[in-house]
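Reading the structure
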Amino acid sequence: QVQLVESGGGLVQPGGSLRLSCAASGFTFSSESMYWYRQAPGKERELVARIWPTGGSTTYADSVKARFTISRDNAKNTVHLQMNSLKPEDTAVYFCKVVLSRSYWGQGTQVTVSS
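Residues numbered from 1 in each chain as written. Predicted model: local features only at pLDDT ≥ 70, side-chain atom pairs only at ≥ 80, totals over all residues. Heavy atoms only, no water.

**Let's talk about the environment of D73**
How we decide: Strands are runs of DSSP state E lasting at least two residues, helices are runs of H or I lasting at least four, and both sets are numbered from the N terminus onward. Buried means the residue's accessible area, taken with a 1.4 Å probe over protein chains only, is under 20% of the maximum for its type, while exposed means over 50%, and partly exposed covers the values in between. When checking whether two residues touch, look at their non-hydrogen atoms; a contact exists if any pair is within 4.5 Å. Under the rule applied, a polar contact is a pair of N or O atoms within 3.5 Å (in protein, one hydrogen donor and one hydrogen acceptor; residues adjacent in sequence only if both atoms are side-chain atoms).
Mapped onto the elements of the fold, D73 is located in strand β7 (residues 68-73). What makes D73 partly exposed here is its relative accessible area of 26%. Along the sequence, D73 and A23 sit 50 residues apart, while their C-alpha atoms lie 9.9 Å from each other. When near neighbours in sequence (up to four residues on either side) are disregarded, D73 contacts F29 and T78. Within polar-contact distance, the side chain of D73 engages the backbone nitrogen of A75 at 3.0 Å.

Shown next, in the form of structure tokens:
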């Protein structure tokens, strides 16, 4: 069965960095685009970044461009989100997603940016 397991969240001060990881299994990872989303309290879930199967193409939400980098390791079935220059407004639960016959989500990892 499809499994997505996020890790790497935590508490960080403004201006700091975190690297999130999502370990995938149960499907042909190298054939699928992967997505990172986030959901802040009281807000809708929003797309943060997408990476195409080979990793050659990526897209980002305007709010994270130039600060976040999505990458993937197809040999390890893992997708990462490097987050730099973090701001309090980046505080959210971060999820990875894959779309197969339907959308599959991980359980999420909490990122809190606060001094």
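**Remarks on unusual backbone geometry**
If you check the backbone angles, N77 has positive phi at about 55° while not being a glycine. Phi angles above zero are rare outside glycine, and S85 is one such case at about 50°. Mapping S85 onto the fold places it in the loop between β8 (78-83) and β9 (92-99). Since its relative accessible area comes to 41%, S85 is described here as partly exposed.

**Focus: the pairing of strand β1 (residues 3-7)**
Selection criterion: Here the rule is simple: two strands pair whenever DSSP picks up at least two bridges between them.
Here β1 shows one buried face, formed by L4 and E6, and one open face, formed by Q3, V5 and S7. Both β1 and strand β3 (residues 18-25) contribute to a ladder of five bridges, which runs antiparallel. What sits directly across from L4, in β3, is A24.

**Notes on the sheet that holds β8**
As a reminder of what qualifies: Throughout, an axis means a line fitted to C-alpha atoms (over the contacting stretch in the case of helices), and angles, computed between N-to-C directions, take values from 0 to 180 degrees.
Spatially, the four strands line up as an open sheet ordered β1-β3-β8-β7, and their pairing is antiparallel. Edge positions in the open sheet fall to β1 and β7, since each of these has one partner strand only. Each adjacent strand pair in this sheet contributes to an overall mean axis angle of 15°, direction not counted.

**Some points on the pairing of strand β5 (residues 46-51)**
Note that strand β4 (residues 34-39) and β5 share five bridges and pair antiparallel. Paired with Y35 across the two strands is R50, which belongs to β5. Between β4 and β5, which pair antiparallel and follow one another directly, the connecting turn spans six residues, one of which, G42, has a positive phi of 75°. Sheet analysis places β5 next to strand β6 (residues 58-60), joined by three bridges and oriented antiparallel. Opposite A49, over in β6, you have Y60 as the bridge partner. Taken together, β5 and the strand that follows it, β6, pair antiparallel across an intervening segment of six residues, in which G55 is found at a positive phi of about 85°.

**Regarding the nonpolar core**
Heads up, the rule is: Within this scheme, the nonpolar core is defined by two criteria: the residues are buried Ala, Val, Leu, Ile, Met, Phe, Trp, Tyr or Cys, and they are joined through side-chain atoms within 4.5 Å.
By size, the foremost hydrophobic cluster in this structure holds 30 residues, and its most contacted members are L4, W36, L81, M83 and Y94. Contributions of two or more residues to this core are made by β3, β4, β5, β7, β8, β9 and β11 (109-113). When near neighbours in sequence (up to four residues on either side) are disregarded, L4 contacts C22, A23, A24, F27, M34, C96, K97, V98, Y104, W105, G106 and Q107.

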